[in-house]
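The lines below spell out each chain.
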Amino acid sequence: MRNRAAVWVVAAMVAVGSIPGGTVASAQVNDGPRAVLVTGASSGIGRKITEVLAARGYFVYAGARKAQDMEALNRIKNVQAIRLDVTVPSEIEAAVTTVEKAGRGLYGLVNNAGVAVIMPLIEIDEDDLKFQLDVNVFGPYRVTKAFSKLLIASKGRIVTTGSLSGFVSGSMSGPYSMSKHAVEAFVDALAAEMARFDVKVSVLEPGNYQTEIGKSLLARMEAKGRTFEGPYEQDMRRIADFAKGISRDAEPDDVAEAAFAALSDPHPKLRYLVVPNQGQADLTLRKLFQTVAELNLGQKYSVSRDSLVAMLDKALAETGR
Ligand SMILES: NC(=O)c1ccc[n+]([C@@H]2O[C@H](COP(=O)([O-])OP(=O)(O)OC[C@H]3O[C@@H](n4cnc5c(N)ncnc54)[C@H](OP(=O)(O)O)[C@@H]3O)[C@@H](O)[C@H]2O)c1
């Protein structure tokens with residue numbers, strides 16, 4: 001049974017590198033600016049991506065949920081606000097209709113909308129965990145699926161906002177990290193599947209930036225009457241302080257630049273690590289090396305240190321090509 005499972009995993013990985021060329025005809029919809037839909041454009045990273053893309057000549061459909069946010073977005077040149085809650089299928093359908101009717105086609109989708117839920121795993125209500133996964137995982141899945149025909153027709157780009165939490169997990173961050181780990185799997189599979197349609201897929205991996213995400217997280221905890229007392233008090237207070245601290249981090253300009261690169265470079269990266277300092281990059285790499293060590297040390301099948309270094313060299317060479 002274990003061998004069959006291993007063969008299945010290997011077969012899936014081989015398929016990643018052996019996808020045949022495009023089979024769907026490209027449709028040049030018009031000669032105007034390329035259109036991009038950004039979800040979660042009302043604040044933070046999504047708002048910054050919207051501003052940068054619009055300033056650089058893209059036409060941006062900016063997804064938002066509140067009337068005042070839509071009004072603010074509509075005031076930006078080259079931006080059309082679109083009502084879009086990524087958990088509401090009827091709003092996604094309506095957004096597809098709006099984009100289709102406009103006749104610009106759709107070159108790019110930026111799946112950016114996201115929320116953070118922080119709670120101990122054995123205490124979190126199932127509804128709260130569902131909420132976390134509904135926005136961060138089912139959201140990109142639903143929106144990508146709904147716009148896939150338009151994106152295939154334009155041989156376009158799909159960019160999703162992941163996180164360092166797609167690689168790192170720890171006490172209290174389980175729900176958010178689960179969702180962002182799922183985004184990594186989503187993106188890897190999607191990239192392999194969309195290559196046959198000449199649609200390129202990327203994921204942005206931001207570190208800590210100044211946005212509304214911490215404030216929203218604390219507001220939801222307060223609304224639910226969550227208190228910090230009990231065995232998790234120290235960790236919960238640390239996370240709450242961290243969430244407050246997000247407002248003191250750097251503005252997410254570099255994340256917007258990465259989104260622009262993912263949409264405009266002839267050969268975009270699959271992953272854009274965008275962090276405000278070396279420490280956050282090191283933390284992520286150390287975690288990945290730790291996982292390699294855990295999978296290799298004292299296992300039935302493992303490889304020597306030299307083989308590990310040779311594998312790393314090969315990965316570096318292949319990624320740099
Ligand atoms: N800030 C960071 O340090 C950081 C680091 C790594 C990754 N990220 C990721 O970056 C993305 C953007 O977050 P942010 O940090 O910029 O936080 P933010 O300022 O709170 O922005 C989140 C955006 O998502 C929207 N949103 C929330 N639920 C939604 C739903 N159901 N449907 C549609 N839109 C929804 C929000 O809209 P409303 O205003 O209507 O709520 C808002 O526009 C998220 O995927 C997040 O996980 C952030």
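Above this text is the structure in question.
Residues numbered from 1 in each chain as written. Predicted model: local features only at pLDDT ≥ 70, side-chain atom pairs only at ≥ 80, totals over all residues. Heavy atoms only, no water.

A. Molecular detail of the sheet that holds strand 3 (residues 79-83). In space, the 7 strands of this open sheet follow the order 3-2-1-4-5-6-7, with parallel pairing throughout. With one partner strand each, in any of the chains shown, strand 3 and strand 7 (271-274) form the two edges of the open sheet. Here the average twist between neighbouring strands, direction ignored, is 20°. As paired elements, strand 1 (residues 35-38) and strand 2 (residues 59-64) share 4 bridges and run parallel to each other. Each residue of the ladder has a partner; that of V36, found in strand 2, is V60. Running over the sheet, helix 5 (residues 126-153) touches strand 1, strand 4 (108-111) and strand 5 (157-161) and is turned about 175° from strand 4. The strands touched by helix 9 (residues 253-264) are strand 1, strand 4, strand 5, strand 6 (200-206) and strand 7; relative to strand 7, the strand with the most contacts, the crossing angle is about 165°. (Pairing = 2+ DSSP bridges. Helix = DSSP H or I, 4+ residues; strand = E, 2+ residues; numbered from the N terminus. Axes fitted to C-alpha atoms, helices over the stretch in contact; angles between N-to-C directions. Contact = heavy atoms within 4.5 Å.)

B. Structural detail: the environment of D127. Looking at the secondary structure, you find D127 in helix 5. Note on D127: relative accessible area 58%, which makes it exposed. (Buried < 20%, exposed > 50% of the residue type's maximum accessible area, 1.4 Å probe, protein only.)

C. Spatial organisation of the site of the ligand. Taken together, 29 residues form the shell around the ligand, and within it S42, R65, Y176, Y209 and T211 come nearest. S42 places a polar side-chain atom, nitrogen or oxygen, 2.7 Å from an oxygen atom of the ligand. The separation between an oxygen atom of the ligand and a polar side-chain atom of S43 is 2.8 Å. For the ligand, the protein covers 93% of the area, taking 890 Å² as the surface of the free molecule. Contributions of two or more residues to the shell around the ligand are made by helix 2 (44-55) and helix 6 (174-194). Counted by class, the shell around the ligand contains 11 nonpolar, 13 polar and 5 charged residues. (Near = heavy atom within 4 Å. Polar contact = N/O pair within 3.5 Å; in protein donor to acceptor, adjacent residues only side chain to side chain. Areas by Shrake-Rupley, 256 points an atom, 1.4 Å probe, with all protein chains shown as cover. Nonpolar A, V, L, I, M, F, W, Y, C, P; charged D, E, K, R; others polar.)

D. Structural context of the nonpolar core. Counting 32 residues, the largest nonpolar core has L37, Y61, L106, F147, I158 and M194 as its most contacted members. Looking at this core, the elements with two or more residues in it are strand 1, strand 2, helix 4 (89-102), helix 5, helix 6 and strand 6. Core analysis: the second largest hydrophobic core is formed by 30 residues, V36, V52, V60 and A256 among them. (Core = buried A, V, L, I, M, F, W, Y, C linked by side-chain atoms within 4.5 Å.)

The values reported here are purely geometric and, on their own, carry no functional implication.
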